[in-house]
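Summary of structural features
Residue strings, one per chain:
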Amino acid sequence: MERQILHIDCNKFYASVECFLHPELKGKPVAVGGSEESRHGIILTKNEIASKYGLVVGEPLWKAKQKCRDLIIVPPNFPVYIEFSKKVRKILEDYTDLIEPFGLDESWIDVTGDWFKNGREIGFEIKERVRKEVGITVSVGVSFNKVFAKLGSDYRKPNAMTVITKKNYQKIVWPLKCSDMIMVGPATTRKLNNYGIYTIGDLAKSDEKFIKNILGKNGTLPRRYARGEDKTPVRHKDIERDIKSIGNATTTTRDLVNNNDVKIIFTVLAESVARRMRNLGLKATTLSIYVRNKELGSFVRQCKLESATNVSGELIKNAMTLFVINYDWKMPIRSLGLSVTDFDFDCCSQFDFSKSVEKREKLEKIDAAVDALKDRYGNYCIGRGTVLYDTKLSHFSPYDDHNIHPVSPL
């Protein structure tokens with residue numbers, strides 16, 4: 001029996017949710033992004049109207065404003081986006097329990113063997129139900145494997161459906177650029193282009209040994225996917241388990257010139273990251289820091305944490321340790337970032353003689369109490385003494401610009 005795989009992609013997800021919740025934004029160019037007043041505001045997503053002005057995800061807000069003077073910028077609200085993601089997921093559950101989320105706005109489902117409807121019929125039904133019941137639109141790809149299903153949902157947008165079969169895939173898929181296919185990033189694309197391989201069809205027709213030589217031991221995977229040979233299953237995963245990393249970065253309002261300045265920023269970033277982990281019930285085992293100096297030279301360092309944690313103080317302590325070891329202060333700092341990954345979803349702590357677990361539990365309760373105060377009275381109602389050394393430097397809210405990154409699906 002031929003597989004029936006669907007890929008559902010919520011169109012301009014964050015912006016679509018904001019436009020649904022705020023009808024006054026209808027018909028206007030809208031982007032979801034960070035603070036305009038600070039130097040770290042960037043475009044996270046934009047609606048279809050704003051896209052016509054050439055806005056690019058990741059570009060600074062000031063640059064986007066130059067392209068579109070009437071652009072309306074809305075701050076991100078990730079708890080709301082997670083709720084809308086769950087509403088879409090609830091609809092998908094009416095058709096199958098084989099649902100694999102890819103981030104908050106995309107999912108694969110496997111409806112192979114449905115006795116009453118084929119993939120095309122189910123895709124159309126899902127598309128209409130999401131529009132009516134959730135208030136946003138989705139694009140749907142239907143195919144016999146996951147890679148082509150995703151290409152189908154990307155092929156036509158918004159609110160569209162594309163069916164890619166074993167009979168038509170060479171006509172639809174092969175003329176597309178290599179970079180349109182999942183798992184083929186910029187570096188791989190450059191390597192392929194250097195050898196005259198520009199389209200998915202070029203990749204499919206290439207010599208297997210040649211591709212392995214230029215891309216390495218896993219280089220044959222993209223070639224197999226281009227030929228329609230993807231057999232990876234749709235894996236049932238919870239939305240929370242699909243999250244790969246959580247992090248924030250900021251370009252500061254002034255250059256940082258000493259360790260105290262750095263600690264202020266890491267304190268604000270760590271509290272934001274830890275708060276989001278607590279909201280999602282997650283604990284991380286790896287911490288990373290990002291440092292960029294005044295001349296835009298940058299580096300990333302990471303370390304394993306002593307134990308899975310979502311305690312703000314532990315993230316701050318480890319971030320500062322990493323920083324002090326790796327920075328010599330030959331130049332002021334312009335940007336810092338902090339992120340966590342390698343989540344322990346089945347974390348079960350064991351008590352030890354040093355009572356470190358008991359101490360962590362007490363710190364977790366304190367952090368939870370602080371979260372409750374901030375939820376009720378705002379982000380600046382309470383804070384650590386560290387941030388009071390320079391309130392202008394510490395007065396930003398990365399919690400509202402939180403970045404959540406999905407796990408690679410293949």
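In the block above lies the structure referred to throughout.
Summary of the structure given here. (Residues numbered from 1 in each chain as written. Predicted model: local features only at pLDDT ≥ 70, side-chain atom pairs only at ≥ 80, totals over all residues. Heavy atoms only, no water.)

1. Re helix α12 (residues 259–280)
- When the terminal C-alpha atoms of α12 are compared, their 31 Å separation across 22 residues agrees well with the 32 Å that a helix rising 1.5 Å per residue should span.
- Within α12, 18 of the 22 residues are buried, leaving the element largely enclosed by the surrounding structure.
- With a side-chain oxygen positioned 3.1 Å from the backbone nitrogen of Asn 260, the residue opening α12 is Asn 258.
- Positive phi appears at Gly 281, one or two residues downstream of α12, with a value of about 70 degrees. (Helix = DSSP H or I, 4+ residues; strand = E, 2+ residues; numbered from the N terminus. Expected span 1.5 Å × (residues − 1). Buried < 20%, exposed > 50% of the residue type's maximum accessible area, 1.4 Å probe, protein only. Polar contact = N/O pair within 3.5 Å; in protein donor to acceptor, adjacent residues only side chain to side chain.)

2. Here's the deal with unusual backbone geometry
- With an omega of -10 degrees, the peptide bond between Lys 157 and Pro 158 qualifies as cis.
- Although it is not a glycine, Lys 12 sits at a positive phi angle of roughly 45 degrees.
- Within the secondary structure layout, Lys 12 lies in the loop between β1 (5–10) and α1 (13–21).
- At Trp 329, a residue that is not glycine, the phi angle is positive and equals roughly 60 degrees.
- Relative to the helices and strands, Trp 329 resides in the loop between α13 (312–326) and β12 (333–343).

3. Concerning the packing of α1 against helix α4 (residues 78–92)
- Across the interface, α1 lies against α4 with an axial gap of 10 Å and an inter-helix angle of 95 degrees. Taken as axis vectors, α1 and α4 run roughly perpendicular relative to one another. Side by side, α1 and α4 meet where Phe 13, Tyr 14, Val 17, Glu 18, Phe 20 and Leu 21 of the first sit next to Phe 78, Val 80, Tyr 81, Phe 84 and Ser 85 of the second. (Axes fitted to C-alpha atoms, helices over the stretch in contact; angles between N-to-C directions. Parallel < 35°, antiparallel > 145°, perpendicular 65-115°, else oblique. Contact = heavy atoms within 4.5 Å.)

4. Let's talk about empty space enclosed by the protein
- Under the criterion given, the structure shown has one cavity of 30 Å³ or more.
- Quantified by volume, the largest cavity comes out at close to 90 Å³.
- Taken together, 13 residues make up the lining of the largest cavity; nearest its centre are Ser 85, Val 88, Leu 104, Glu 106 and Ser 107.
- Mapped by element, the contributors of at least two residues to the lining of the largest cavity are β1, α4 and β6 (106–110).
- The leading source of residues in the lining of the largest cavity is α4, at four residues.
- Split by residue class, the lining of the largest cavity holds seven nonpolar, three polar and three charged. (1 Å grid on protein atoms, 1.4 Å probe; cavity = no way out; pocket = protein on both sides within 12 Å on 5 of 7 lines; lining within 4 Å. Points joined across faces, edges and corners; volume = space filled by probe spheres on them. Nonpolar A, V, L, I, M, F, W, Y, C, P; charged D, E, K, R; others polar.)

Bear in mind that shape data such as this cannot, by itself, settle questions of function.
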